[in-house]
Amino acid sequence: MNHAEWKTRRRRELLGEATEENADYDRLYEEAELAHDLGQMVYDRRIALGLSQAELADRCRMKQPQISRIEGGGTVPTIPLLRRLARALDADLTINLTPHGSAA
């Protein structure tokens, strides 16, 4: 799902409009939303620490464009990469499974 499709779907969802009942589309939408949320968390923590993308990349043994893609929601990091990011951001990595219908 590209960014334009995600934006359209998000807008429809916020307006309470019906969205397609396509399982693949729903899965891709959820992945895009997760990537966006993860990217926002990395960005927020990096800014709180006063780090540039290049400085964070050095701490993670990565390149700056990789940090940019993560922060922009362009990729879903693997668990090992999330661990490296958490260490570099002086943070704990916590992964939870929440039953459907429960508050997150």
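Chemist: What is the right way to read the layout of surface pockets from this model?
Modeler: A probe matching the size of a water molecule, rolled over the atoms, marks out where space remains unfilled. Its boundaries defined by the atoms lining it, the largest pocket holds a volume of some 640 Å³. In this structure, the largest pocket is lined by 20 residues; those nearest its centre are Leu38, Met41, Leu82, Leu93 and Thr94. Elements with a contribution of two residues or more to the lining of the largest pocket: helix H2 (23-48) and helix H5 (79-88). By residue number, the principal contributor to the lining of the largest pocket is H2, which donates six residues. Of the residues that constitute the lining of the largest pocket, the class distribution is 15 nonpolar, two polar and three charged.

Chemist: What am I meant to see in the side chain of Arg46 here?
Modeler: Mapped onto the fold, Arg46 is located in helix H2. Excluding its chain neighbours within four sequence positions, the residues that come into contact with Arg46 are Leu51, Ser52, Gln53, Leu56, Glu71 and Leu89.

Chemist: Which parts of the structure should I look at to understand the confidence of the model for the protein?
Modeler: A low pLDDT score tells you not to read the predicted coordinates there in detail. Here the protein averages 86 in pLDDT, and 88% of its residues register 70 or above. The lowest-confidence element of the protein is helix H1 (residues 3-14), averaging 73 in pLDDT; the highest-confidence one is helix H3 (residues 53-60), averaging 97.

Chemist: In this structure, what is going on with the pattern of salt bridges? I would like to understand it.
Modeler: Any two side chains of opposite charge can pair, on the condition that their charged atoms come close. One pass over the full model with this rule turns up two salt bridges. Here Glu71 and Arg46 are joined by a salt bridge, their closest N and O atoms 2.5 Å apart. With a gap of 25 residues between them, Glu71 in helix H4 (residues 64-71) and Arg46 in helix H2 connect regions that are remote in the sequence. Assigned by exposure class, Glu71 and Arg46 land together as buried. When the shortest N-O distance is used, the salt bridge between Asp90 and Arg59 registers 3.7 Å.

Thresholds applied
- Residues numbered from 1 in each chain as written.
- Predicted model: local features only at pLDDT ≥ 70, side-chain atom pairs only at ≥ 80, totals over all residues.
- Heavy atoms only, no water.
- 1 Å grid on protein atoms, 1.4 Å probe; cavity = no way out; pocket = protein on both sides within 12 Å on 5 of 7 lines; lining within 4 Å.
- Points joined across faces, edges and corners; volume = space filled by probe spheres on them.
- Helix = DSSP H or I, 4+ residues; strand = E, 2+ residues; numbered from the N terminus.
- Nonpolar A, V, L, I, M, F, W, Y, C, P; charged D, E, K, R; others polar.
- Contact = heavy atoms within 4.5 Å.
- pLDDT = per-residue confidence, 0-100.
- Salt bridge = Lys/Arg side-chain N within 4 Å of Asp/Glu carboxyl O.
- Buried < 20%, exposed > 50% of the residue type's maximum accessible area, 1.4 Å probe, protein only.

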